[in-house]
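What follows is each chain in one-letter form.
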Amino acid sequence: MKKLVMTAAVLACAASIASAQTVTSANIVGYGKVQAADGLQIASMQFVSGSNTLDTIFGDQYPLGTQILTYLEPGGYQTSTYATTYPPPSYLPTPGWAGAVTSIGGAQACWIKMPGGSSAVENIMSGEVPLADAVTNSVVAGLNLFAYPYPTEMEIQDLGFVPVVGDQIFLYDNIGGYVTVNYATTYPPPSYLPTPGWTSPTTKVPVGGGFWYKTDTATSWIATRPFTP
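So, here's what we can say about the structure. Quick caveat, the model's predicted, so the values are computed rather than measured.

**Structural notes on unusual backbone geometry**
A cis amide bond, omega 0 degrees, links Glu73 with the succeeding residue Pro74. Mapping Pro74 onto the fold places it in the loop between strand 4 (67-72) and strand 5 (76-85). For the bond from Pro189 to Pro190, the omega torsion is 5 degrees, close enough to zero to count as cis. Tracing the backbone through its elements, the reader meets Pro190 in the loop between strand 13 (177-186) and strand 14 (195-198). Of note in the backbone geometry, Tyr91 takes a positive phi value of approximately 60 degrees without being a glycine.

Take a look at the structure:
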């Protein structure tokens, strides 16, 4: 299977962007290209497009049988499938998204599961770049399927979590599987004294990607905007 590849571009209506981290306009739209093959990948919608419905985000780009899965603790997975529907008033067979998942966005990531043997798909997600100073999210005890709510590649140490020893972040690569980063007692130089920290703090969450966050302690996660509009 091919891994998920997400590239993003940000377009300023009144000015151009100086770099990937510095935005020079307060009125910004952007887009991301998702290239995916058959199998599973974690994805996210880091732009705002209306109500961020599945039709708006994914449209008709994916083959019939593709599933979008979100996860909530408690409750587990919610699923929608791209399938043949019979909408009013014509009730004619029409491909469309149907199921419990109606929209995604913000700090909510999702799984995209394409049927086996599917050809690679490139889907363009577009919308306004979120410009709030910060986004506050609830972190429940257990598993959380998250996305960084701004369209920027971020290192784990810069995501904004306030972790406790035992917390874990899981990234998924559908070639190599899961990569686990633990918040544990480390012994960094030069003092080598016991210090809590991420075991791989510079591991990056890509634009358009997502991750699992596992904790035994309910808390809040405040993600701050990493650029200046």
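**Thoughts on the pattern of salt bridges**
Within the structure shown, the criterion is met by 2 salt bridges. A salt bridge links Arg225 to Asp133; its shortest N-O distance comes to 2.8 Å. Here Arg225, found in the segment after strand 17 (219-224), pairs with Asp133, found in the loop between strand 8 (121-128) and strand 9 (134-139); they are 92 residues apart in sequence, far enough to count as distant. Looking at Asp133, the relative accessible area reads 58%, which means it is exposed.

**Looking at the environment of Lys33**
Following the sequence through the fold, Lys33 ends up in strand 2 (residues 28-36). A relative accessible area of 30% means that Lys33 is categorised as partly exposed. Sequence separation of Lys33 and Met125 is 92 residues, and the distance between their C-alpha atoms is 6.4 Å.

**Section: the environment of Val164**
Relative to the helices and strands, Val164 is located in the loop between strand 11 (154-155) and strand 12 (168-173). A C-alpha to C-alpha distance of 7.9 Å links Val164 and Thr217, two positions 53 residues apart in sequence. For Val164, the residues in contact, after removing those within four places along its chain, are Tyr183, Thr215 and Thr217.

**Side note on the packing of aromatic side chains**
Under the counting rule described, the total for this entry stands at 21 aromatic pairs. Taking the centre distance of 5.0 Å and the plane angle of 70 degrees together, the rings of Tyr71 and Tyr77 count as edge-to-face. Since its relative accessible area comes to 16%, Tyr71 is described here as buried. Residue classification places Tyr77 among the partly exposed positions, given a relative accessible area of 41%. Taken together, a centroid distance of 6.5 Å and an interplanar angle of 50 degrees make the contact between Trp111 and Trp212 tilted. Here Trp111 is found in strand 7 (residues 109-114), whereas its partner Trp212 is found in strand 16 (residues 211-215), with 101 residues between them in sequence. The exposure class assigned to Trp212 is buried, which follows from its relative accessible area of 5%. Through pairs of rings, three or more aromatic residues link up here, namely Tyr71, Tyr77, Trp111, Phe170, Tyr172, Tyr178 and Trp212.

**Details of the nonpolar core**
The biggest cluster of nonpolar side chains holds 41 residues, and the ones touching the most others in it are Phe58, Leu159, Phe211 and Trp221. Those elements giving two or more residues to this core turn out to be strand 2, helix 1 (54-57), strand 7, strand 8, strand 12, strand 13, strand 16 and strand 17. Formed by 9 residues, the second largest nonpolar core is a distinct cluster that contains Leu69, Tyr71, Ala147 and Trp212.

Conventions adopted
- Residues numbered from 1 in each chain as written.
- Predicted model: local features only at pLDDT ≥ 70, side-chain atom pairs only at ≥ 80, totals over all residues.
- Heavy atoms only, no water.
- Helix = DSSP H or I, 4+ residues; strand = E, 2+ residues; numbered from the N terminus.
- Salt bridge = Lys/Arg side-chain N within 4 Å of Asp/Glu carboxyl O.
- Buried < 20%, exposed > 50% of the residue type's maximum accessible area, 1.4 Å probe, protein only.
- Contact = heavy atoms within 4.5 Å.
- Phe/Tyr/Trp six-rings, centres within 6.5 Å; stacked < 30°, edge-to-face > 60°.
- Core = buried A, V, L, I, M, F, W, Y, C linked by side-chain atoms within 4.5 Å.

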